[in-house]
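# Inside the fold
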Amino acid sequence: MFDAFTPQRAFSRARVGAGIVLALSVSIGTLFACMLPLGGGASARDVISWISIGPNGALRYGSDRDGNQIPDFSAAGYEAGGAIPDVETVERIAAPSGGDDTAAIQSAIDTASGRPVKETGFRGAVELGPGKYRVSDTLKIRASGVVLRGAGMDRTQLNATASLDMLILVEGSGAPRRTGNSRRIVANYTPVGGKTILLDSAADLSVGNRVFVQRPMTKAWIAAIGMDRIPVRSNGKTLQWAPGASILSDRTIVGVHGNTIELDTGLTDAISLQDDGQVWRYRFEGRIERVGVEALSARLEDNTPREHAKSGESEPMGANFLTFGAAENGWVRNVSVARFSTAIMFRSTASSITATDFTVTDAAPVKSRGALPTVVSIDGQKILVSNCRLEGGSYIAWATQSRAPGPNVVRECEAHGNRALGQGHQRWATGLLFDNVKVTGSLHLGNRGNAGSGQGWSAANSVLWNSSAATWLVEDPPTARNWAFGVTGRQLSSSEPPGEIVSPGRRVEPQSLYRAQLQDRLRR
């Protein structure tokens, strides 16, 4: 344990005997409790009710002695879980031409992009009539308020040529730009779930400011979690984690009280004084918003083997259907995707995006030195993936990437195949929720060790909730936690400390954590 490590305080740990966690379930109030030993070798125990439902339906959160609690995931998705609007059609292509339709579709998108933004915040939708449209180049939405819509996923189909690397790109330009001074976090400890941050000064901060909460990955912290001592693979290509990178959580200030600011969404990673955390305002002029893709299907014409850029091997290289980058408050819904290796990619500059009611079939195999394709890749934050069904052979169904801060949510989704996986994929992604997810392979929140180039602790302060898998593994990282509530399937063991396991093999209430948290927030 790292409880004695001073630069980064560790969580109070759930360690009863050989990692057994006591779970209590009470029908009235729906109480879930874990018994935890205090740090410093004390024999006394804390009893933590991590989450409970009160008589009025409100959620109640328990916390450990440092104030850490299960994150609130309800801010994920379009407009923080808001309803996706129906946008007026302003450009229409009645039917495919019978030839290459790329230029015609892109011209319609560009025309819609040149229209003024209405009071609704939208310019309008480009609607494609029924039929099969051949597309040979990437379709790009680069302006706010534009939606690409078909006549229905069973009526409008985009046929992508094999030469494509990406079918649709929804992306603005540039990167966030710091404005004003960086303010140092001076609280001894800001816990997981915390919304208030004590700064050295909040003189130039005000309600409504968009800020990044910066948590540096310091040398001391990397050493504390063992990521400077990852066992080296036989090929010698394992990379030890190096200081310098930071986790940037995108938040909005909703209150300023002296030198304390209040955030709209709680943090998904704790910050201690020694971490040298900072808060700074930013502008992102090139980011677009209120953009979407809906009501269509897409199919890659073939996946003829091509030379892989990194390995030099000839192998099937399926394209990416849709990428979001430098965009917020967007969506993809009611789509069906076939033969693409990656269905949806959320780059690190994507935020508050909902992907819902979609299917993915026949994912094209990618075999670059044993790597599996990731069908839904989450590198952004406040991403909601909902009501989806994935089918294929061996693939990673949903995964977070390096340093992706939450909340990020995958809920009410299924993945079927010989080896369908759901996981935090690499390098300390925080605040990931798998909620009522079903996979025929494995679910994993924990340490991936020297997998890849040294992916290590891939998920922290993340939750499995009422999900099922053939096998599953939840491990507790040093300085953090992972939780599993009501998970069914065969629980694996490892050399790492087990996570906080509550009611294995038996579902818990509320049925959906995300839905309960959203309803709880909206009723306040």
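Placed above this text is the structure.
Residues numbered from 1 in each chain as written. Predicted model: local features only at pLDDT ≥ 70, side-chain atom pairs only at ≥ 80, totals over all residues. Heavy atoms only, no water.

### Description of the pairing of strand β15 (residues 210–216)
Of all 7 residues in β15, 6 are buried; the element is thus mostly enclosed. As defined by bridge partners, β15 adjoins strand β19 (residues 278–283) across 4 bridges and the pair is classed as antiparallel. Residue pairing across strands places Phe212 opposite Trp280, the latter belonging to β19. (Buried < 20%, exposed > 50% of the residue type's maximum accessible area, 1.4 Å probe, protein only. Helix = DSSP H or I, 4+ residues; strand = E, 2+ residues; numbered from the N terminus. Pairing = 2+ DSSP bridges.)

### Here we look at the side chain of Thr265
Counting through the fold element by element, Thr265 comes out in the loop between β17 (260–263) and β18 (271–272). Those residues in contact with Thr265 that lie beyond four places of it in its chain are Ala75, Lys195, Arg251, Lys382 and Pro407. (Contact = heavy atoms within 4.5 Å.)

### Notes on the state of the cysteines
Each disulfide is one covalent bond, formed between the sulfur atoms of two cysteines. Going through the model one piece at a time under the given rule, you end up with 1 disulfide. Each sulfur of the disulfide joining Cys388 and Cys413 lies 2.2 Å from the other. What sets the handedness of the Cys388 and Cys413 disulfide is the S-S torsion sign, and at about 125 degrees it is right-handed. A residue pair is termed long-range when its members are at least 10 positions apart, and Cys388 in strand β28 (residues 381–391) and Cys413 in strand β30 (residues 408–416) qualify at 25 residues. (Disulfide = S-S within 2.5 Å.)

### Side note on the nonpolar core
Core analysis: the largest hydrophobic core is formed by 72 residues, its most contacted members being Leu158, Phe346, Val385 and Trp398. In terms of nonpolar packing, the next biggest core, distinct from the first, is built from 20 residues, Leu59, Phe73, Leu513 and Tyr514 among them. (Core = buried A, V, L, I, M, F, W, Y, C linked by side-chain atoms within 4.5 Å.)

### As for the sheet that holds β17
The 6 strands lie next to each other as β12-β19-β15-β16-β17-β14, forming an open sheet whose pairing is antiparallel. In this open sheet, the two strands that pair with only one neighbour each are β12 (177–184) and β14 (196–198). Pairwise comparison of adjacent strand axes, ignoring direction, gives a mean angle of 40 degrees for this sheet. When strand β16 (residues 246–257) meets β17, the two strands line up antiparallel, connected through 4 bridges. By the bridge assignment, His257 is partnered in β17 with Thr260. (Axes fitted to C-alpha atoms, helices over the stretch in contact; angles between N-to-C directions.)

### Side note on unusual backbone geometry
Omega for the peptide link from Gly406 to Pro407 comes to 5 degrees, which places this bond in the cis form. Within the secondary structure layout, Pro407 lies in the loop between β29 (394–400) and β30. In this structure, the amide linkage connecting Glu509 to the following residue, Pro510, adopts the cis form with an omega of 0 degrees. Of note, Pro510 is situated in the loop between β40 (500–502) and α3 (513–523). In this structure, Asp357 is a non-glycine residue whose phi angle is positive, near 55 degrees. Along the chain, the position of Asp357 falls in strand β26 (residues 350–361). Accessibility expressed as a relative area gives 35% for Asp357, which makes it partly exposed. For Ser503, which is not glycine, the phi dihedral falls at a positive 55 degrees. With respect to the helices and strands, the residue Ser503 is situated in the loop between β40 and α3.

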